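# Overview (structure and organization)
Each chain, letter by letter, is given below.
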Amino acid sequence: METPFHQMMVDPTLAEMGKNLNEAMKILEDGQRREAEEDADKRRYGRVDIPGPLQGGGQDVASILQLVQNLMHGDEEEETQGYRRMQNVGEQGHMALLGHSLAAYISVLDRERLRKLTTRILSDTTLWLCRLFRYENGSAYYHEDDREGLIRVCRLVIHSRYEDYSSEGFTVLNCKQPVIYQSAACRQGLGQHLCTQLGLPLSSLCTVPCNTMFGSQHQMDVALLDRLVKDDVDSGKLPLLLIANAGTPGAGHTDKLGRLKELCAQYDMWLHAEGVNLATLALGYVTSSVLAATKCDSMTLTLGPWLGLPAVPAVTLYRHEDPALSLAAGLTSSQPVEKLRALPLWLSLQYLGHDGIVERIRHASQLSQRLLDHLKKLTCIKTSGLVSRSRVPPISAGSMRDVLGSLILSIVEDELNSPVVVFRFCQEGSAGSSGGSEGGALNGERELQDALNRWLGERLAQLVPASGVDVVELEDEGTCVRFNPLMTAAVLGTREEDVDALVQQLQDKVPLLNSTLRLRLDFREEVYRAPGLAYIEDLSWPGLGAIRYEPSGEEPDEEKRQQEAEKINSGLLKKLRELDSDLLFSTGPEFGSEQNCVYIGIATEDLDVTELVETIAVMGRDIEENSKLLENMTEVVRKGIQEAEQQLQKANEEKLMEEGLLRQIPVVGSVLNWFSPVQSSIKGRTFNLAAGSLDSTEPTYSLKAQATRGTPPPTPTSIRTKQCLPGQKMFRRSLAGSDVHSETSSVGQAEELEREGPRSPTPEGRGSDDQQDPAPMVTPQPDAPVEREPGEGAQQETEQAHTLR
């Protein structure tokens, strides 16, 4: 882009502006890669986010751009999500950004030259858009907020229908209250925002339900709209404007714009259309339902996401004969600076050209068709076009003409050919999503499948971020996954390979969802049979289920019981996470209603549910027993210490009686002991923490007792351990065809044991000493250590015997 600017020697300022913009964009775009090479601690403890005083001397451009780059990418490492959508800013994006810089530069021109330039820019852009989107004899209003164009159109209609509105204001609305109609499938909050900006009461807003008889479930019910308008006219109200959808925000369906236009002409209403399907008007082949949008009184186009252009305004095309009313409504302006809003779009359209614009929209439509063709081959995936429409109510309301007209139009019109693909996972053999709720069982199944589809959409968005899929909530279908390439493909640079990767990930995740639904019932039954475990019914959890370990003790205090349950379940969750398994164990949703639970995630087909539940139950019991042991340990140790102190005091008294008072004097006692040694009968004591009792140390120094006692048996445990193959995860059962592998692995283990040879057992004397070391022991008499030598000799003999063997 630098070469054309250097060739433009007419105005060096423009060339310098383009060069500076290119350098700035390179700094900002390459900053993320350079920042990854820097020290992480330096970024973490940087002061770029802390406001500071304005420097007196000022800074250079490079330092300021570096600060902007740090603010843009400084918090990326703190993000919890594993994926992040970043717009792909290409050369066409640079042209749009250059338009904002040029707008600021052009605004300093003299007034006459500025007027000529802005008039040319505005007229060119309006002409190109009207021809591109087949909107003849239209005017354009450019606005930053995509709702602002509808607000200005409503003001234009109010000025047109109320002649004295310019002079009398809102008082003229008292004679006939205006009514604005919108579809129930419109984006949330649009009607409320419109009434707020126009100063109208919410009673002026009428929401029309969608069609429930024929065709799509997201189209406005035209027959019901006709009756609503008639009722408002009979009650003295004034039908003002109708907002229709050419691509609903959720499923991308298009209203019957042809019939709506006829109804608006009958009642002198203004028809406004908006939606993503309006982008297809630029293609060579346009469906009849979308083509009817060219007859609407106004429509709003969002070219930024359609073409991948950053910071370009939205455009509202409209038709009106009176320029004075357009000026009064704010659709046109006498200020040349406001007309410069079209400059970024003017530059971008020229850069792309007609063929480039059409190619981008066609590419997005082809991506949708490619994905739809793949989804039709998957049995467990239902698309929005495959929703059952067999619910035909009896002909009781409306005339026969309306009913037959709706039926014929729903068959003839191809309103389902939308670039928005909405799909949903349905279990094999389930009733689907079109049957509605027929009792608690179906409601529970619907809620569970909504949770699984929500998990599916989030996982697909993380694994294939370039696809741009997201999760959408639809009234009839429930939670679905949406692929809307017209709003994301140009921004994210989506290609056909990304669609294929999305389908591959979808094929990998569908078996997991099916196995989770099948094993969920088995898991619940196993938990019901397991003692100490309680099954928690949480249909909003996309996984195997949730359980809670209930303490077995009868604690009258409910608060203490809750604390004990929380302690046990938190310890159980920690131990389960340490296991080598494919299951995900968590505390559940962040704002869930259930507490002190262990939530288990998506399960594979080879999951051994019985082993899983038994392991959880055994772990819970062990944690409970250990917690009780620790709680009682303080009392046991305290009582044992008291008993030991009493026995020590008693032993000291007996020693004093045996030896006499003179032997207790330090100097005299040593002399007497040298001339006449005393054989004391006082024996040592050891404190057994497990039993909480004082034992004699005599067996420790007795060779016979040491030989017969042997190594203490290991502490029995009730955890059922399963021998896993190398690399095999826990809780997996052997599927068909894996018996040979199991036998082979058993033979391999036997051969490995033979190669290793017999293992040396732990010496018996050492095991006894290890068991008695931590216990407090009374100091024996001086002659006691002499008796320890035979024990040591026996230990050496035992070790030599093992060596010779």
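Residues numbered from 1 in each chain as written. Predicted model: local features only at pLDDT ≥ 70, side-chain atom pairs only at ≥ 80, totals over all residues. Heavy atoms only, no water.

### Examining the sheet that holds strand β2 (residues 178-183)
Across the sheet, which stays open at both edges, the seven strands sit in the order β1-β7-β6-β5-β4-β2-β3 with mixed pairing between neighbours. Every interior strand has two partners, whereas the edge strands, β1 (139-143) and β3 (205-208), have only one. Ignoring strand direction, the axes of neighbouring strands in this sheet form an average angle of 20°. Of the strand pairs in this sheet, strand β5 (residues 270-274) and strand β6 (residues 298-301) are connected by three bridges, and their pairing is parallel. Among the inter-strand pairings, A273 is bridged to a residue of β6, identified as M299. (Pairing = 2+ DSSP bridges. Helix = DSSP H or I, 4+ residues; strand = E, 2+ residues; numbered from the N terminus. Axes fitted to C-alpha atoms, helices over the stretch in contact; angles between N-to-C directions.)

### Points about the side chain of T254
Here T254 lies in the loop between β4 (238-245) and α11 (257-267). Side chain to side chain, T254 and N277 meet in a polar contact 2.9 Å long. (Polar contact = N/O pair within 3.5 Å; in protein donor to acceptor, adjacent residues only side chain to side chain.)

### Quick notes on the pattern of salt bridges
Going through the model one piece at a time under the given rule, you end up with 21 salt bridges. A salt bridge links R446 to D450, with the shortest nitrogen-to-oxygen separation between them at 3.5 Å. Linking R446 with D450, this pair stays in helix α18 (residues 440-463), spanning four residues, or about one helical turn. By relative accessible area, which is 13% here, D450 ends up buried. Its salt-bridge partner being D470, residue R482 comes within 2.7 Å of it at the nearest N-O pair. Here D470 lies in strand β10 (residues 470-474) and R482 lies in strand β11 (residues 478-483), a separation of 12 residues in the sequence. With a relative accessible area of 14%, R482 lands in the buried category. (Salt bridge = Lys/Arg side-chain N within 4 Å of Asp/Glu carboxyl O. Buried < 20%, exposed > 50% of the residue type's maximum accessible area, 1.4 Å probe, protein only.)

### Some words on the side chain of T118
By the secondary structure assignment, T118 is in helix α6 (residues 111-132). Dropping the residues within four chain positions of it, T118 is found in contact with P336, K339 and L340. (Contact = heavy atoms within 4.5 Å.)

### A look at the packing of helix α16 (residues 343-375) against helix α19 (residues 485-492)
Helix-helix packing is characterised by the crossing angle of the two axes and by the distance between the axes. It is the contact of α16 with α19, at a shortest axis distance of 9 Å, that shows an interaxial angle of 115°. The pairing of α16 with α19 is recorded here as roughly perpendicular in orientation. For the pair α16 and α19, the sense of crossing is right-handed. Contact with α16, carried on its side by R360, I361, A364, L367 and S368, involves P485, L486, A489 and A490 of α19 and no other residues of that element. Residue composition of the contact of α16 with α19, grouped by class: seven nonpolar, one polar and one charged. (Parallel < 35°, antiparallel > 145°, perpendicular 65-115°, else oblique. Left-handed = near helix turned anticlockwise from the far one by under 90°. Nonpolar A, V, L, I, M, F, W, Y, C, P; charged D, E, K, R; others polar.)

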